[in-house]
Amino acid sequence: MSSRDLAQLQDVSPTFVAKIFPKLEKAGIVRAKEGVRGGYQLATAPEAISILAVVDAIEGKKPLFECREVRNQCALFGNYAPDWATRGVCAIHAVMLRAEEAMRRELARQSLADLAAVLALKMPPEFTDDVREWLDERVAAKGKKTAKDDPALC
């Protein structure tokens, strides 16, 4: 499936999707196939792809919270903060680090196959047929020759 097809299927910006797929390819999550019937496909089984791997591929491994060290700026401290006020990790930062660790652990525990299983429980059986039909129509449209390509069609 092409990134443009995926974007249209989900009604999101093709530019946005086109920026994501090279990152997913670089991370080894998808691989590109060239040509008229090309596009992207998973590079490995969905059971082997964690949600964390997808998030890290797209967003990078940057922390969710960036501490601004406001402890140093308390008006009561004047020009300098006492050692007791700035010792160790800021209390808010510590909470955020634990929350991020828990989130990353849960994202690592869930795979693309897990998401697909949840979706399969929700969607009616004909939805899969509808998606396949929509994709087949897209592929067929790409493979058709136009009068511009073949004057015999005029």
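Up top you'll find the structure we're talking about.
About the criteria used
Residues numbered from 1 in each chain as written. Predicted model: local features only at pLDDT ≥ 70, side-chain atom pairs only at ≥ 80, totals over all residues. Heavy atoms only, no water. Helix = DSSP H or I, 4+ residues; strand = E, 2+ residues; numbered from the N terminus. Rg over C-alpha atoms; globule rule 2.2 N^0.38 Å. Buried < 20%, exposed > 50% of the residue type's maximum accessible area, 1.4 Å probe, protein only. Lys, Arg positive; Asp, Glu negative; His and termini not counted. Charge placed at Lys NZ, Arg CZ, Asp CG, Glu CD. Salt bridge = Lys/Arg side-chain N within 4 Å of Asp/Glu carboxyl O. Patch = residues over 30% accessible without salt bridge, like charges linked within 9 Å, V, L, I, M, F, W, Y side chains within 5 Å. Areas by Shrake-Rupley, 256 points an atom, 1.4 Å probe, with all protein chains shown as cover. Contact = heavy atoms within 4.5 Å. Core = buried A, V, L, I, M, F, W, Y, C linked by side-chain atoms within 4.5 Å. Polar contact = N/O pair within 3.5 Å; in protein donor to acceptor, adjacent residues only side chain to side chain. Phe/Tyr/Trp six-rings, centres within 6.5 Å; stacked < 30°, edge-to-face > 60°.

(A) Summary view of the overall build of the protein. The helix and strand inventory of the protein stands at seven helices and two strands. Relative to the globule expectation of 15 Å for 154 residues, the C-alpha radius of gyration of the protein, 24 Å, shows a markedly less compact shape. For the protein, the C-alpha atoms occupy an extent of roughly 85 × 35 × 25 Å along the three principal directions. A total of 154 residues make up the protein; the buried ones form 18% of that total. Taking the average place of the 23 positive charges on the side chains of the protein and the average place of its 22 negative ones, the gap between the two points comes to 5 Å.

(B) Geometry of helix α1 (residues 3-10). Residues of α1 that are buried include every one of Ser3, Asp5 and Ala7, and no others. Downstream of α1 by one or two residues, Asp11 has phi in the positive range, about 55°.

(C) Spotlight on the pattern of salt bridges. For the coordinates displayed, the defined rule picks out six salt bridges. Here Arg104 and Asp56 are joined by a salt bridge, their closest N and O atoms 2.8 Å apart. Within this pair, whereas Arg104 is found in helix α5 (residues 91-109), its partner Asp56 is found in helix α3 (residues 51-59), the two being separated by 48 residues in sequence. Overall, the relative accessible area of 23% leaves Arg104 in the partly exposed class.

(D) Up close: a negative patch on the surface. There is a patch of like negative charges on the surface, built from Glu126, Asp129, Asp130, Glu133, Asp136 and Glu137. Taking the relative accessible area as the measure of exposure, Asp130 reaches 45% and is therefore partly exposed.

(E) Structural detail: the side chain of Glu100. The residue Glu100 is located in helix α5 in this model. Buried and unpaired, Glu100 has no salt bridge, with Arg104 as the nearest side chain of opposite charge at 4.7 Å. In this structure, Glu100 is in contact with Lys62, Pro63, Leu64 and Phe65, ignoring residues within four places of it in sequence.

(F) Inspection of the nonpolar core at higher detail. Ranked by size, the top nonpolar core spans 10 residues in total: Ala7, Val17, Ile20, Phe21, Leu24, Ile29, Val30, Ile49, Val54 and Ala57. Listed by contribution, the elements that provide at least two residues to this core are α2 (14-26) and α3. Considering every element that reaches this core, the biggest residue donor is α2, with four residues. In this structure Val17 touches Ser3, Ala7 and Val12, once residues within four positions along its chain are discounted.

(G) Highlighting the side chain of Asp56. Using a relative accessible area of 13% as the deciding quantity, one classes Asp56 as buried. At a separation of 2.8 Å, a polar atom in the side chain of Asp56 contacts the side chain of Arg104. The residues touching Asp56, leaving out its near neighbours within four places in the chain, are Lys61 and Arg104.

(H) Representation of the packing of aromatic side chains. Tallied over the full model, the rule gives two aromatic pairs. Both rings, one in Phe21 and one in Tyr40, keep their centres 4.5 Å apart while their planes meet at 35°; by these two values the pair is tilted. A residue pair is termed long-range when its members are at least 10 positions apart, and Phe21 in helix α2 and Tyr40 in strand β2 (residues 39-42) qualify at 19 residues.

(I) Structural view of unusual backbone geometry. In this structure, Asp11 takes a positive phi of about 55° despite not being glycine. Positionally, Asp11 belongs in the loop between α1 and α2. Given a relative accessible area of 72%, Asp11 falls into the exposed group.

Interpretation note: all reported values are geometric properties and have no functional meaning in isolation.
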